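Structural characterization, general
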Amino acid sequence: MLVMVADATGKGVSACMLMAMCRSFAHASAESYSGMNAFLSDMNRRLFADTDPAHFVTLAAMVLNRKTMTCEYGCAGHTPLLLRRPGGRSEVIKVPGPALGMLPGTMGVTFAERTIECATGTQFLLFSDGITEALNSDEEEFGLERLQALWRDHMLGPDQMRDLVTERVKNFAGFEPRADDQTMVVIHVGD
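Residues numbered from 1 in each chain as written. Predicted model: local features only at pLDDT ≥ 70, side-chain atom pairs only at ≥ 80, totals over all residues. Heavy atoms only, no water.

Some words on the pattern of salt bridges
Evaluated as defined, the whole model comprises ten salt bridges. Arg146 serves as the salt-bridge partner of Glu140, at 3.0 Å between the closest nitrogen and oxygen. Overall, Glu140 belongs to the partly exposed group, its relative accessible area being 36%. Between Asp163 and Arg162 there is a salt bridge; the shortest N-O distance is 3.0 Å. With relative accessibility at 42%, the residue Asp163 sits in the partly exposed group. One salt-bridge network, held together by shared partners, links Arg85, Arg89, Glu91 and Arg114. (Salt bridge = Lys/Arg side-chain N within 4 Å of Asp/Glu carboxyl O. Buried < 20%, exposed > 50% of the residue type's maximum accessible area, 1.4 Å probe, protein only.)

Brief notes about the pairing of strand β4 (residues 81-84)
Side chains of β4 alternate between two faces, with Leu81 and Leu83 and Leu82 and Arg84 buried alike. Two strands pair when backbone bridges link them, and β4 and strand β5 (residues 90-93) are joined in this way by four bridges, in the antiparallel orientation. Its bridge partner being in β5, Leu82 is matched across the sheet by Val92. If you look at the hairpin formed by β4 and β5, you'll find five residues sitting between the two strands, and Gly88 has a positive phi there, around 110 degrees. (Helix = DSSP H or I, 4+ residues; strand = E, 2+ residues; numbered from the N terminus. Pairing = 2+ DSSP bridges.)

Some points on the packing of helix α4 (residues 143-153) against helix α5 (residues 158-173)
At a closest axis distance of 11 Å, the pairing of α4 and α5 adopts a crossing angle of 145 degrees. Our pair here, α4 against α5, has a crossing hand that is right-handed. Contact residues: Arg146, Leu147, Leu150 and Trp151 in α4; Met161, Leu164, Val165, Arg168 and Phe172 in α5. Looking at the contact of α4 with α5 residue by residue, the classes come out as seven nonpolar, no polar and two charged. (Axes fitted to C-alpha atoms, helices over the stretch in contact; angles between N-to-C directions. Left-handed = near helix turned anticlockwise from the far one by under 90°. Contact = heavy atoms within 4.5 Å. Nonpolar A, V, L, I, M, F, W, Y, C, P; charged D, E, K, R; others polar.)

Observations regarding a nonpolar patch on the surface
The grouping of Met102, Leu103 and Met107 at the surface amounts to a nonpolar patch, some 270 Å² of accessible area in total. Here Met102 is to be found in the loop between β5 and β6 (113-117). (Patch = residues over 30% accessible without salt bridge, like charges linked within 9 Å, V, L, I, M, F, W, Y side chains within 5 Å. Areas by Shrake-Rupley, 256 points an atom, 1.4 Å probe, with all protein chains shown as cover.)

As for the nonpolar core
Counting 19 residues, the largest nonpolar core has Phe39, Met43, Leu47, Val57, Leu59 and Leu100 as the members making the most contacts within it. Only α1 (12-30), α2 (36-50) and β2 (57-65) provide two or more residues apiece to this core. Those residues in contact with Met43 that sit more than four places away from it in its chain are Cys22, Phe25, Ala26, Ser29, Leu59 and Leu100. Listed in part, the 18 residues of the second largest apolar core include Ala60, Leu64, Cys71 and Leu81. (Core = buried A, V, L, I, M, F, W, Y, C linked by side-chain atoms within 4.5 Å.)

Considerations on the side chain of Asn136
Tracing the sequence through the fold places Asn136 in the loop between α3 (129-132) and α4. Judged by its relative accessible area of 9%, Asn136 falls in the buried class. Within polar-contact distance, the side chain of Asn136 engages the backbone nitrogen of Glu140 at 3.0 Å. Leaving out residues up to four positions away in the same chain, Asn136 has contacts with Phe172, Ala173 and Glu176. (Polar contact = N/O pair within 3.5 Å; in protein donor to acceptor, adjacent residues only side chain to side chain.)

Considerations on α4
All buried positions along α4 are accounted for by Gly143, Leu147, Leu150 and Trp151. Considered in projection along α4, the buried side chains sweep an arc of 130 degrees and stay on one side of the axis. Against β4, β5, β7 (123-127), α3, α5 and β8 (184-188) lie the buried residues of α4. (Arc of directions from axis to C-beta.)

Topic: the packing of aromatic side chains
Scanning the model with the defined rule gives two aromatic pairs in all. Measuring from centroid to centroid gives 6.0 Å for Tyr33 and Phe39, while their planes differ by 55 degrees, and the two rings are tilted. Geometrically, the ring pair formed by Phe142 and Phe172 is edge-to-face, given 5.4 Å between the ring centres and 80 degrees between the ring planes. Highlighted residues: Phe142 in the loop between α3 and α4 and Phe172 in helix α5, separated in sequence by 30 residues. With relative accessibility at 4%, the residue Phe142 sits in the buried group. Look at Phe172 and you get buried, because its relative accessible area is 16%. Above the plane of the ring of Trp151 lies Arg84, whose end atom (NZ or CZ) is 4.1 Å from the centre. (Phe/Tyr/Trp six-rings, centres within 6.5 Å; stacked < 30°, edge-to-face > 60°. Lys NZ or Arg CZ within 6 Å of the ring centre and 35° of its normal.)

Here's what the structure looks like:
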């Protein structure tokens, strides 16, 4: 199963068009999936060919393999992945890679990947920067540290974790307008 969270530059119609292209390219690239670096490199090549360098997409992608109980993770300039092991130990996973569509593949662009063992009970949190960059009235960001603390201190199911993060970000920001989309995907590896 391929799971992605992405964020396009800009707002309005141009960002929507960029995201639609990204989604189409992901479907096309997934058909011949042979590894995360190849997948992200193909996505980068396609986006670079069809957009100008001022427009790009950050993206985090995971391929969950239920047969081998592993997850292959890659990142293209996106926020880190939060991981929680079945015993409760949490980790922040950052892997390098530029945003998609910024640099031509001919420049030797590569995307690091990490394979993670996924025992039953493993949980993942993919999120957009709209969560961590939410501002309060003092123009202070919610930040990765607060999100990590929620993730570390509350062993909840996917729906409950989503609701908790949403509530805490909303309470932190108060009446300040949201400046960016807030997207998250919580995955629990079951039996």
